[in-house]
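# Coordinate analysis (summary)
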Amino acid sequence: MRTPSPVAALSGTAFATLLLVAFMMGANHVAARMAFDHGVDVSTAVVFRSGVTALVVAVLLCVYRVPVRLTARHRKALPAMGLLVGVQSLCLYSAVARLPVALALLAFNTYPLWTALWARLVYGQRPPAALVRAMPVMLLGLALALDVLGASSGLGASSHWRDIGAGVAFALAAAATFGLALVLTQHETADLDGRLRTASTMGMVAVLALAGVGVQGGFHLPAAAPGWWGLLGLTVLYGTAFTIMFTVLPRLGVVGNSAIMNIEPIFALVLAWAILGQTIAPVQVAGGLLVVATVVWLGLRKA
């Protein structure tokens with residue numbers, strides 16, 4: 001799980017590793033869209049992605065002999081976090097299935113605003129002055145990226161929002177639930193080993209998605225070879241990225257949730273163009289760059 005964190009004196013190896021993780025996270029969503037375009041549904045994709053990731057991280061817990069010591073506070077917070085991240089995963093993949101991948105991720109990248117809102121509502125924390133200053137800039141970038149008036153699409157505002165409205169709503173719902181999950185992580189489980197927290201959360205996400213699979217009458221598997229490649233890609237890329245975050249990055253002295261990783265939408269934009277043929281207007285690209293730059297600045301600012 002990603003949180004904005006200050007990063008200091010990154011080595012070349014650490015920086016390259018963070019870029020690799022961001023690339024794999026962006027590629028994971030492009031692979032997911034490929035799977036969705038060939039018969040896979042959201043619940044099936046989340047079961048494969050989260051289930052395999054939970055197993056991989058659980059193996060890491062055994063290999064490194066991480067002690068499992070949960071306080072009463074942890075036992076209350078972890079199920080809530082699992083539910084929130086489960087909703088976030090389903091909503092974000094639902095957005096990816098409906099929008100160009102980069103736009104879905106850009107709308108999701110507003111989660112720092114939701115994090116500040118939840119921290120204020122739940123714990124009474126005032127938002128940092130830097131976030132207040134950045135808020136209108138981020139929202140302006142998002143408005144440009146989403147082409148809120150429908151000018152770039154040529155459809156007009158009403159027709160354009162009929163096309164993108166559901167996808168944007170899912171992306172913002174994902175950002176809101178992820179923001180609340182981050183606040184709970186910081187205040188309720190920050191002292192818990194990240195691998196244990198992630199294994200628990202991903203396991204609960206997989207169970208939640210599996211319930212969704214049951215409700216819809218079973219798994220919706222790919223109807224063609226590209227769908228299988230997409231399902232394999234989203235599973236391997238996501239699991240590998242998380243494995244790197246919890247094994248390689250700590251040894252490099254880098255917080256795995258570094259703000260550098262928030263350039264994920266840029267990688268997704270390029271990959272979606274190259275692999276899926278998705279394109280967006282230049283003004284939307286400029287808006288996306290503004291959102292990403294703002295989020296990265298927030299993460300790299302001095303505490």
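Located above this text is the structure these notes cover.
The structure contained in this document is the topic of the report that follows. (Residues numbered from 1 in each chain as written. Predicted model: local features only at pLDDT ≥ 70, side-chain atom pairs only at ≥ 80, totals over all residues. Heavy atoms only, no water.)

### Focus on empty space enclosed by the protein
Just so we agree on the cut-off: Cavities and pockets are found on a 1 Å grid laid over the protein atoms alone: a cavity is a set of points where a 1.4 Å probe fits but cannot escape, a pocket is an open set with protein on both sides within 12 Å along at least five of seven lines, and a lining residue has an atom within 4 Å of such a point. Grid points are joined across faces, edges and corners, and a volume is the space filled by probe spheres set on the points. Helix and strand assignments come from DSSP, with helices taken as H or I runs of at least 4 residues and strands as E runs of at least 2, each series counted from the N terminus. Residue type decides the class: Asp, Glu, Lys and Arg count as charged, Ala, Val, Leu, Ile, Met, Phe, Trp, Tyr, Cys and Pro as nonpolar, and the leftover types, Gly among them, as polar.
Across all of its chains, the model carries three cavities of 30 Å³ or more by this definition. The calculated volume of the second largest cavity comes to roughly 50 Å³. In terms of lining residues, the second largest cavity is bounded by Ala 102, Leu 106, Pro 265, Ile 266, Leu 269, Ile 280, Gln 284, Val 285, Gly 288 and Leu 289. Of all the secondary structure elements, the ones that give two or more residues to the lining of the second largest cavity are α4 (101–108), α10 (264–276) and α11 (282–300). For the lining of the second largest cavity, a count of residues per class yields eight nonpolar, two polar and no charged.

### Structural notes on the environment of Phe 178
Our working definition: Any residue under 20% of the maximum accessible area for its type is buried, any over 50% is exposed, and the rest in between are partly exposed; the area is computed with a 1.4 Å probe on protein chains only.
Among the structural elements, Phe 178 can be located in helix α7 (residues 157–188). Judged by its relative accessible area of 4%, Phe 178 is buried. Distance from Phe 178 to Pro 112, taken between C-alpha atoms, is 9.3 Å for residues 66 residues apart in sequence.

### Quick look at the nonpolar core
Selection criterion: To define a nonpolar core, start from buried Ala, Val, Leu, Ile, Met, Phe, Trp, Tyr and Cys residues and group those joined through side-chain atoms within 4.5 Å. In what follows, residue pairs with any heavy atoms lying within 4.5 Å of each other are defined as contacts.
Of all hydrophobic cores here, the largest spans 83 residues; its most connected members are Val 21, Met 25, Phe 36, Tyr 93, Val 101, Phe 108 and Leu 234. With near-sequence residues (within four places) excluded, Val 21 lies in contact with Ala 241, Ile 244, Met 245 and Met 261.

### A short note on the environment of Val 52
By the secondary structure assignment, Val 52 is in helix α2 (residues 42–63). When the C-alpha positions of Val 52 and His 160 are compared, they lie 37 Å apart, and in sequence the two are 108 residues distant. Among all residues touching Val 52, those that are not within four sequence positions of it are Val 47 and Thr 235.

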